[in-house]
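# A closer look at the structure
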Amino acid sequence: MIPNTCAAVADEAVRGSKTVHAVCTHDCPDSCAVLVTVDTQSGRATKVQGDPSHPVTRGFLCGKVARYLDRVYSPERLLYPMRRRPGVLKGPLPQGREAEAFERISWDEALELVAQRLERTAAAFGPESILPYSYAGTIGQLGYGSMDRRFFHRLGASQLDRTICASAGGAAMMSVYGMKLGTVPQDFVHAGLILAWGANIHGNNVHLWPFIEEARRNGAKLIVIDPYRTRTAALADEHLSIRPGTDVLLALAIMHVLFRDGYDDAAYMHDCTRGAEALKMHALLPEHAPERAAAITGITAEAIERLAQAYGKAGREGRAPAVIRLNYGVQRSENGGTAVRAVAMLPLITGSWKQRGGGLLLSTSGSFPFNANRLQMPEFMHASRLGRASRVVNMNELGMALTELGSRAGDGPPVKALFVYNCNAAAVAPDSVRVLAGLRREDLFTVVHEQFFTDTADYADILLPATTFLEAKDVMGAYGHLFAQISQQAIAPLGEARSNVWLFGALGRRMFDDPAFNDDEDALIAQALETDHSFFNGITKARLEREGHVALSLPKNERGESLPFSTPEWFATPSGRGELLPVPVFVAPQESRSGAAGDGAYPLEFLPRKADNFMNSTFANLPGHQQMERRTDGILEMHIEDARARGIASGDAVSVWNARGRITLKARVGTTVATGVVAARLDWQKLSHNGANVNTLTSERLTDLGGGATFYSTLVEVARANRPTPPEASTSLADTALPSA
Ligand SMILES: Nc1nc2c(c(=O)[nH]1)N[C@H]1C(S)=C(S)[C@@H](COP(=O)(O)OP(=O)(O)OC[C@H]3O[C@@H](n4cnc5c(=O)[nH]c(N)nc54)[C@H](O)[C@@H]3O)O[C@H]1N2
Ligand SMILES: Nc1nc2c(c(=O)[nH]1)N[C@H]1C(S)=C(S)[C@@H](COP(=O)(O)OP(=O)(O)OC[C@H]3O[C@@H](n4cnc5c(=O)[nH]c(N)nc54)[C@H](O)[C@@H]3O)O[C@H]1N2
Ligand code: SF4
Ligand SMILES: [Mo]
């Protein structure tokens with residue numbers, strides 16, 4: 001009998017398989033190294049697994065991507081270009097019947113139709129009437145932004161400000177540190193106190209978790225600050241259920257205690273910060289004392305005091321330091337920019353950056369000095385028909401852009417053509433009632449490049465098939481670790497699917513005579529790495545191809561450690577110091593009951609959350625992933641007091657509404673949220689009851705810094721679904737045109 005291992009080898013030799021090093025390009029901090037097993041005869045991928053040699057991936061993938069082949073080989077994949085059948089109106093069709101609205105065309109026809117229509121639109125209304133709309137379907141450097149940008153810049157199309165995710169937090173970090181850099185995951189093992197502040201680590205950043213577990217085995221405590229009992233909160237030593245939008249005040253209360261009790265590192269503050277005295281005076285104001293902050297944050301004065309003492313004592317007298325995993329939850333609020341600034345100042349007060357395992361991590365994306373200008377060629381705007389930099393549209397205002405832009409003086413032209421790729425805009429953009437009204441416009445020419453019949457695809461005039469990360473080559477940084485990687489193409493594109501680089505290269509060649517549109521993936525990767533920046537010292541394309549992942553070369557101290565912001569040289573602000581000015585001031589959000597008198601009509605804070613087993617709206621259509629996420633399917637989570645006050649019991653159908661729209665969910669009364677807060681998760685519109693998802697309720701209002709989205713500043717009212725609600729609040733889908741086909 002042949003032993004098992006030999007059997008496997010023999011089997012492989014017969015069948016013939018190879019292993020390809022790819023990288024998960026989904027919008028996740030972990031950017032995992034993925035080993036793809038490919039059957040060489042059929043060219044089919046048969047297995048995906050985490051690369052055990054990658055220091056952060058450590059051989060495992062999250063639940064979503066462990067089942068990635070379900071996505072790649074899904075029978076629902078878009079496999080060829082299509083155009084809308086004449087006379088079929090735009091709008092959703094039931095899942096599985098979407099193809100009825102379209103007819104198959106060749107790539108050549110598709111490219112010609114798109115090129116001609118864009119050319120005519122630019123001639124008639126000016127090129128700014130064309131709006132690209134993309135986010136992070138892939139965060140590979142090439143797929144996210146390279147040939148596409150060249151194309152739209154050369155065309156003179158409106159520029160898109162890509163603000164839907166991280167721009168408030170990014171602006172805040174830039175204002176305090178001048179750089180998006182932080183504590184690396186591997187160093188979390190050296191921490192003695194870990195604060196997960198608006199960070200669902202176990203759900204959204206699971207490769208940080210093993211390092212936290214290791215720290216905890218060494219005695220570290222994990223405290224979660226989150227208005228929702230996430231699975232991270234459930235696994236923590238303590239969960240502080242903060243009222244949404246009040247983080248500025250909690251951070252100020254912690255500062256109050258730090259300065260009051262002398263936990264500030266005066267020497268470090270003197271050397272490394274600017275504005276220490278002003279911040280100290282401000283933090284010590286009586287309104288920032290824990291007892292005063294308690295009423296507004298919903299966290300007791302004792303808990304705030306305990307938290308601040310633990311934070312202040314960490315790193316002293318032989319104790320291990322405190323580290324903050326601040327994620328993007330905090331900045332999806334009206335005052336989210338100030339909140340991130342305030343939290344980010346805490347390690348500047350205690351000087352915890354000086355110790356390995358101290359500091360703070362929001363994002364490491366700014367550490368990768370890829371040459372974005374070389375890839376994206378913004379100078380092309382001057383060669384366009386417009387001859388200058390084009391106007392900028394904030395992606396959070398898509399509904400406005402499609403329904404109002406062009407009607408006011410100084411607006412420029414209305415949007416007449418929309419090109420969506422890397423994004424399920426109809427599901428993820430705020431205030432979707434307005435977005436869908438815009439997408440439904442028959443005079444709007446909409447191109448969608450997608451892997452599936454998403455909510456957005458339902459509104460396409462031209463629908464083009466896109467590749468998955470197994471089907472295209474790319475180069476990657478990460479926003480949760482410091483390894484650069486090349487993702488190799490593991491399999492041939494399915495059907496006629498094509499990558500973003502291919503699509504925009506082909507369109508560029510058709511419309512413009514410029515060699516920049518001839519560059520292939522290998523040329524673009526080489527260009528992305530063209531930089532003198534020291535962080536990329538020793539990182540070449542050849543080396544990335546050979547080694548798979550290579551660590552950035554950050555400056556090191558005499559002990560060989562890289563400790564960001566431990567010394568003044570690290571700060572990249574104009575003052576060259578950690579910038580504490582202006583001091584963060586707590587202002588109650590406009591759309592919030594927190595700390596203000598309250599809004600009688602809509603008294604509940606609504607958290608329109610991400611699912612642990614989806615990636616924003618990605619995976620929401622796959623049966624296996626739906627099964628993993630069935631616990632939250634169509635559910636509104638609420639506290640017993642709020643339920644009782646409204647006569648609601650678990651299992652009741654409930655209406656959730658505000659002035660922007662209404663959705664129907666099923667109530668679950670429990671302990672995941674505090675009184676005054678309700679929560680539901682993001683899904684595709686067409687998989688939601690009445691075709692209306694959580695973004696029916698969110699607003700286009702922007703954050704205080706960075707023009708970010710304010711998903712987590714949303715007020716609603718809730719009632720049993722059979723009770724009458726104000727008619728003007730209802731979102732009628734009755735006017736959604738269903739094709740006659
Ligand atoms: N499984 C999974 N992983 C993902 C994603 C996904 O959809 N699913 N999305 C990816 C993307 S696009 C991103 S940007 C990252 C984001 O990762 P995170 O930043 O972790 O994103 P969120 O889940 O939006 O927010 C984190 C937490 O903030 C909490 N929160 C909301 N409002 C407040 C507040 O006012 N104060 C505080 N303290 N907390 C608040 C929320 O309840 C949530 O649990 O994750 C990525 N990873
Ligand atoms: N209510 C609510 N709304 C939210 C959020 C929330 O937490 N709550 N989160 C917000 C955040 S943080 C973010 S980042 C955004 C995310 O918004 P999006 O970036 O739109 O994210 P996804 O929903 O994952 O949709 C990405 C789409 O890109 C497609 N895609 C993947 N790879 C490729 C490719 O190579 N080429 C092309 N052409 N397409 C590809 C996928 O099939 C998928 O449909 O959503 C935001 N919206
Ligand atoms: S989604 Fe994130 S955790 Fe999952 S495989 Fe991709 S990078 Fe890794
Ligand atoms: Mo995001």
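Residues numbered from 1 in each chain as written. Chains lettered and ligands numbered in written order. Predicted model: local features only at pLDDT ≥ 70, side-chain atom pairs only at ≥ 80, totals over all residues. Heavy atoms only, no water.

Now for the nonpolar core. Considering soluble globular proteins, one finds that nonpolar side chains tend to be buried as a cluster. With 184 residues, the main nonpolar core has Y133 and W197 as its most contacted residues. Examining the composition of this core, we find that 11 residues originate from one element, helix α11 (residues 247–260), more than from any other. Once residues lying within four places of it in the same chain are set aside, the contact partners of Y133 are L160, I164, M395, L398, L418, F419, V420, Y421, C423, A425 and A429. In this structure, V72, V206, L470 and F619 belong to the second largest nonpolar core, which totals 31 residues. (Core = buried A, V, L, I, M, F, W, Y, C linked by side-chain atoms within 4.5 Å. Buried < 20%, exposed > 50% of the residue type's maximum accessible area, 1.4 Å probe, protein only. Helix = DSSP H or I, 4+ residues; strand = E, 2+ residues; numbered from the N terminus. Contact = heavy atoms within 4.5 Å.)

Glancing now at the pairing of strand β19 (residues 483–487). Counting buried positions along β19 yields 5 of 5 residues, so the element is predominantly enclosed. Residues F483, Q485 and S487 point to one face of β19 and A484 and I486 to the other, with burial holding for every one of them. Here strand β18 (residues 474–476) runs beside β19; their pairing, made up of 3 bridges, is antiparallel. Bridging from a neighbouring strand, V475 pairs with I486 of β19. Hairpin connection from β18 to β19: 6 residues lie between these consecutive antiparallel strands. Pairing analysis gives 3 bridges linking β19 to strand β20 (residues 549–551), with the strands arranged antiparallel. Counterpart to F483 in the pairing with β20 is A551. (Pairing = 2+ DSSP bridges.)

So, on to the pattern of salt bridges. Enumeration according to the criterion identifies 47 salt bridges in this entry. Salt-bridge contacts for E103 lead to R85; the nearest nitrogen and oxygen are separated by 3.7 Å. Note that E103 is positioned in strand β5 (residues 102–104) and R85 in the loop between β4 (82–84) and β5, a separation of 18 residues in sequence. On the accessibility criterion, E103 (22% relative accessible area) is partly exposed. Between D633 and R681 there is a salt bridge, with its nearest N and O atoms 3.6 Å apart. Taken together, the positions of D633 in the loop between α24 (623–628) and β23 (635–638) and R681 in strand β26 (residues 677–681) put the pair 48 residues apart, joining distant regions of the chain. Among the residues examined, R681 registers a relative accessible area of 10% and is labelled buried. (Salt bridge = Lys/Arg side-chain N within 4 Å of Asp/Glu carboxyl O.)

Turning our eyes to something else, we now look at the pairing of strand β24 (residues 653–658). Among the 6 residues that make up β24, 5 are buried, leaving the element largely enclosed by the rest of the structure. As paired strands, β24 and strand β25 (residues 661–669) are joined by 6 bridges and run antiparallel to one another. Across the sheet, residue W657 finds its bridge partner in β25, namely R662. Adjacent in sequence and paired antiparallel, β24 and β25 are bridged by 2 residues. Sheet topology places β24 next to strand β27 (residues 714–720); 4 bridges connect them, and they run antiparallel. Considered in β27, the bridge of W657 is made with E717.

Turning to the layout of surface pockets, a few remarks are in order. In this structure, the largest pocket spans a volume of roughly 1100 Å³. Looking at the largest pocket, it is lined by 40 residues, and the ones nearest its centre are Y135, Y144, R149, R162 and K180. In terms of residue class, the lining of the largest pocket is made up of 23 nonpolar, 12 polar and 5 charged. Both domains that meet at the lining of the largest pocket, namely domain 1 (82–164 + 373–472 + 496–511) and domain 2 (168–362), each give it at least three residues. The computed volume of the second largest pocket comes to approximately 320 Å³. Of the residues that constitute the lining of the second largest pocket, the class distribution is 7 nonpolar, 5 polar and 4 charged. (1 Å grid on protein atoms, 1.4 Å probe; cavity = no way out; pocket = protein on both sides within 12 Å on 5 of 7 lines; lining within 4 Å. Points joined across faces, edges and corners; volume = space filled by probe spheres on them. Nonpolar A, V, L, I, M, F, W, Y, C, P; charged D, E, K, R; others polar. Domains from an automatic or database assignment.)

Here we take up empty space enclosed by the protein. Counting across every chain of the model gives 5 cavities of 30 Å³ or more. Put simply, the second largest cavity is a space of about 110 Å³. What lines the second largest cavity is a set of 16 residues, among which C28, D30, C32, C62 and H207 lie closest to the centre. Elements supplying a minimum of two residues to the lining of the second largest cavity: α2 (63–66) and α8 (201–204).

Viewed as axis vectors pointing N to C, α11 and helix α15 (residues 301–313) meet at an angle of 60 degrees, and their least axial separation amounts to 9 Å. On the basis of their axis angle, the class for α11 and α15 is oblique. The chirality of how α11 crosses α15 is right-handed. Facing α11, whose interface residues are L250, A253, I254, V257, L258 and R260, α15 presents I304, E305, L307, A308, Q309, Y311 and G312. Residue classes in the contact of α11 with α15 are distributed as 9 nonpolar, 2 polar and 2 charged. (Axes fitted to C-alpha atoms, helices over the stretch in contact; angles between N-to-C directions. Parallel < 35°, antiparallel > 145°, perpendicular 65-115°, else oblique. Left-handed = near helix turned anticlockwise from the far one by under 90°.)

So, about the site of ligand 1. Looking at ligand 1, there are 33 residues lining it, with D226, Y328, F614, N616 and Y712 nearest. In the environment of ligand 1, an oxygen atom lies 3.2 Å from a nitrogen or oxygen atom belonging to the backbone of N200. Here a nitrogen atom of ligand 1 and a backbone polar atom of G203 are 2.9 Å apart. Protein coverage of the free-state accessible area of ligand 1, which is 910 Å², stands at 99%. Tallied by class, the residues present in the shell around ligand 1 amount to 15 nonpolar, 10 polar and 8 charged. Mapped onto the domain boundaries, the shell around ligand 1 takes at least three residues apiece from domain 2 (168–362) and domain 3 (604–729). (Near = heavy atom within 4 Å. Polar contact = N/O pair within 3.5 Å; in protein donor to acceptor, adjacent residues only side chain to side chain. Areas by Shrake-Rupley, 256 points an atom, 1.4 Å probe, with all protein chains shown as cover.)

Turning our eyes to something else, we now look at the site of ligand 2. Contacts to ligand 2 come from 32 residues, most closely from E450, N500, P608, S617 and T618. Residue R71 places a side-chain N or O atom 2.9 Å away from an oxygen atom belonging to ligand 2. Residue N422 places a side-chain N or O atom 3.3 Å away from a nitrogen atom belonging to ligand 2. Protein burial of ligand 2: of its 920 Å² of free accessible surface, 97% is covered by the chains. By residue class, the composition of the shell around ligand 2 is 14 nonpolar, 13 polar and 5 charged. Residues lining the shell around ligand 2 come from more than one domain, with at least three contributed by each of domain 1 (82–164 + 373–472 + 496–511) and domain 3 (604–729).

Moving on, we get to the sheet that holds β20. Judged by pairing direction, the sheet is antiparallel, and its 3 strands sit side by side in the order β18-β19-β20 without closing on themselves. Edge positions in the sheet fall to β18 and β20, since each has one partner strand and no second. Neighbour-to-neighbour, the strand axes of this sheet turn through a mean angle of 15 degrees, independent of strand direction.

What describes two packed helices is the angle between their axes and the distance between those same axes. Packing of helix α6 (residues 147–155) against helix α21 (residues 500–511) brings their axes to within 8 Å, and their N-to-C directions diverge by 30 degrees. Compared by their axis directions, α6 and α21 come out roughly parallel. As for the relative orientation of α6 and α21, their crossing is left-handed in sense. When α6 is examined against α21, the residues M147, D148, F151, F152 and L155 are found in contact with a partner set consisting of V501, F504, G505, L507, G508 and M511. The class makeup of the residues in the contact of α6 with α21 is 8 nonpolar, 2 polar and 1 charged.

So, on to unusual backbone geometry. Working note: non-glycine residues mostly have negative phi, and peptide bonds are mostly trans. Cis geometry is adopted by the peptide bond preceding P582, which originates at L581 and carries an omega value of -5 degrees. Mapping P582 onto the fold places it in the loop between β21 (578–579) and β22 (604–609). Its identity as a non-glycine residue notwithstanding, R58 has a phi of 50 degrees, on the positive side. Tracing the chain through its elements places R58 in the loop between β3 (45–50) and α2.

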